[in-house]
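Single-letter residue listing:
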Amino acid sequence: MTSCSTQCSSTRPQTVQVEDIEANNITDILEECRILGHKLIYLNYKGLTKLPTQLFKDNAFLHVEGIYLKRNLLQTLPQDLKFLSNLKELYAPSNKIAELPEDMSELSKLESLDLSMNNLTHIPCCVFDIKSLKTLVLSQNSIVHLPPDIGKMTGLVTLILNHNKLTSLPSDIQNCSSLQTLNLDKNFLSVVPRQITVLHCLEELSITGNNLLYLPMDLGYCANLKRVYADNNGLFKSVPFSLWSKEVGTYRCGTESNSRRIEFKENNMSAHIPDEIQNIWSRPGLLVTSLLELSFRVVNKYKDILQMSRLPRSLKDLAAFATAHCEFHGCNRPLFTAGYPHLMKHPIATYRQSNSITFLGLCCSVKCLDLFTKFPLPL
């Protein structure tokens, strides 16, 4: 009579045959993996302070594509890890990792790296040089800074940075052209760089539980964006009108006030205007557009033939990326430092948006403002 354990063993897929049962002997796990050619190694909950040296001897584990190291006591990873040249997934949450070896950048096939719930205060430089990386999970660490090198990760699809200590994002994130999911929940962010609006693959942005004041006005023009979660941001009082057709979470938003910032108010509604908008026009307003605003429009129009590198970075960034576009659908003129704001409730009540959400739109002229007020949606 065949025992139950034998029956179970015979029906399990080879690639997941080595379970991460705490009682399993590490030597036995590795030996079975070597003999049977398992592509995944499960070393979760083993109390490891370093990886077994057997992993790197005699090229016996070159076939391995995934290593799972949850809930150990690792403070770093060995330099020899680079010899596992076929490694595609490294899963090591809930350790004590504070640093990584520089040679990790040589893992040319690594697609997924999970170092959540560790002791990272910064993102090791080697991570940005792993060109094959598609998923990076660094949640629940103590990371205080996202460096400009994040822009090197052009193949990154998912970036999870929730529950860290970030106070800002670099504009270089615009170069993460493959990014589809960006999770920034539970940090200390007050704004998101407007350059994020060029991430045309972005499908989901989550920025709940921060110090958010406003979102980029053109965020809704990201071609594939479907969901924006901004819940539990007490100072966040209005959603860019460009997001009117998207799924937007705003639970417990607008419940706080900041005496240090001036709010734009209209019809018992209020909003924080983007910092770049220095001139807030109103009816009857100016009949002539300011010279500064006109200058930015001209530079932006001819940015591909002008020597933009000669400008100070702050001016170059502002000229290269408009703060907003005129919301009247027949205009769409870029706005940089000035505009006519208008606040409204959602123009069409849907299951995705409640009428309690305030939307902010900016227009380039009194004429566009009047038309936008009457006809906020395309006819």
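Up top is the structure these notes are about.
Reading the values: the criteria
Residues numbered from 1 in each chain as written. Predicted model: local features only at pLDDT ≥ 70, side-chain atom pairs only at ≥ 80, totals over all residues. Heavy atoms only, no water. Pairing = 2+ DSSP bridges. Helix = DSSP H or I, 4+ residues; strand = E, 2+ residues; numbered from the N terminus. Contact = heavy atoms within 4.5 Å. Axes fitted to C-alpha atoms, helices over the stretch in contact; angles between N-to-C directions. Buried < 20%, exposed > 50% of the residue type's maximum accessible area, 1.4 Å probe, protein only. Lys, Arg positive; Asp, Glu negative; His and termini not counted. Salt bridge = Lys/Arg side-chain N within 4 Å of Asp/Glu carboxyl O. Arc of directions from axis to C-beta.

## Looking at the sheet that holds strand β17 (residues 338-345)
Step number 1: If you walk across this open sheet you meet the four strands as β10-β18-β17-β14, and the pairing is mixed. In this open sheet, the two strands that pair with only one neighbour each are β10 (239-240) and β14 (279-280).
Step number 2: Pairing of β17 with strand β18 (residues 358-363) involves six bridges; the strand directions are antiparallel. Among the inter-strand pairings, L343 is bridged to a residue of β18, identified as L360.
Step number 3: Here helix α6 (residues 366-374) sits on the sheet in contact with β17 and β18, set at roughly 10° to β17.

## Points about the environment of A322
Step number 1: Position of A322 relative to the elements: it lies in the loop between α5 (313-320) and β15 (324-325).
Step number 2: Placed 25 residues apart in sequence, A322 and R297 show a C-alpha to C-alpha distance of 8.5 Å.
Step number 3: Beyond its immediate chain neighbours, meaning those up to four positions away, A322 contacts R194, D218, P334, L335 and F336.

## Looking at the environment of W244
Step number 1: Note that W244 resides in the loop between β10 and β11 (247-249).
Step number 2: Classification of W244 as partly exposed rests on a relative accessible area of 28%.
Step number 3: Linking W244 and L360, residues 116 residues apart in sequence, is a C-alpha distance of 9.9 Å.

## Quick notes on the side chain of D185
Step number 1: Mapped onto the fold, D185 is located in the loop between β7 (181-183) and β8 (204-206).
Step number 2: Buried charge D185 goes without a salt bridge, the closest partner of opposite sign being K186 at 8.7 Å.

## Thoughts on α6
Step number 1: Inspection of α6 places C368, L369 and F372 among the buried residues, and these make up the whole buried set. Buried residues in α6, looked at end-on, bunch into an arc of 100°, giving them a common side. The exposed set on the far side of α6, more than 90 degrees from its buried face, consists of K367 and K374.
Step number 2: The inward-facing, buried residues of α6 abut β17 and β18.

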